[in-house]
Amino acid sequence: MTRDPSGQRFLTCAAAAALLLTASWTSMATTAGRHVSNLNGNCMRCLCYASTLCNMTVGCSRGYCGPYYLYRDYWKDAGQLVVADDDPDRDQAFVDCASNMECAQKVVENYMVKWGRDCNRDGVTDCDDYARIHFNGREDCSAIDNTNYWRRYETCRPVSSRGKFN
C-alpha cells in the first residue's frame, strides 16, 4: 500500500497484481457454469489499476465506487452481488460490495460473463474488449484511447506468451 501526495492510500501495479493473483483466479473465469476466456488475474488487475490505481480507499464519487469504480446499474446488471450475509435490497449494499475487493471482482466477472463481447472486432474477446466494456458499459464499445483510464490500462495491459496483447 502506498500513499499519494494527498495522503490517499492506493496499491501500486505490482501490489495489485500480488493481491489479485492470490484471489481464486484461473486463466479463465467461471460464473454460473459459463466461461469467460481471457478474463484472468492479469486482466482484472489491469482493469482495477486503470480504474483507480486500485485505490482501496477511493470511496464513492458521482455514483462510482470502490477500486473498480463501479456504478449502481453495473452492479445491478451483474446480479446485485453483496458481501457475506448482506441484503442486496439494503441501501448501502452496493457501496459495501463495490468497496470490497473480492465482491467488486466478482461483480466485474459477472458483468463480463453477461455482456462481454469482441468490441474492437479483432476476432478475439480479450482484455482490451473488457476494458472498453468496463469503462463504457454494456451498450458502448467505442474507443477510449484519449482517456486517463486507457492510458493507465496500456501501462499494465496483459501480454500473452505469443507476444500479442490478450
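Residues numbered from 1 in each chain as written. Predicted model: local features only at pLDDT ≥ 70, side-chain atom pairs only at ≥ 80, totals over all residues. Heavy atoms only, no water.

For the chain, an unreviewed UniProt entry supplies the name lysozyme and the organism Acyrthosiphon pisum. According to UniProt, the comment filed for the chain under the heading Catalytic activity (unreviewed entry) is "Hydrolysis of (1->4)-beta-linkages between N-acetylmuramic acid and N-acetyl-D-glucosamine residues in a peptidoglycan and between N-acetyl-D-glucosamine residues in chitodextrins." (UniProt positions renumbered as here; feature names shortened; annotations may be inferred.)

J.: Could you clarify how one ought to interpret the state of the cysteines in this entry?
T.: Where two cysteines share a covalent bond between their sulfur atoms, that bond is called a disulfide. Following the criterion strictly, the structure yields six disulfides and no others. Each disulfide pairs two cysteine sulfurs, and for Cys 46 the partner residue is Cys 156, the sulfurs being separated by 2.2 Å. Sign of the S-S torsion, about 95 degrees for the bond between Cys 46 and Cys 156, identifies this disulfide as right-handed. Linking Cys 46 in helix 2 (residues 41-52) with Cys 156 in helix 7 (residues 148-156), this pair joins segments that are 110 residues apart in sequence. Of the residues examined, Cys 46 reaches a relative accessible area of 0% and is grouped as buried. Each bonded cysteine of the chain gets a number by its place in the sequence, and the pairs then read 1-10, 2-12, 3-4, 5-6, 7-8, 9-11. (Disulfide = S-S within 2.5 Å. Helix = DSSP H or I, 4+ residues; strand = E, 2+ residues; numbered from the N terminus. Buried < 20%, exposed > 50% of the residue type's maximum accessible area, 1.4 Å probe, protein only.)

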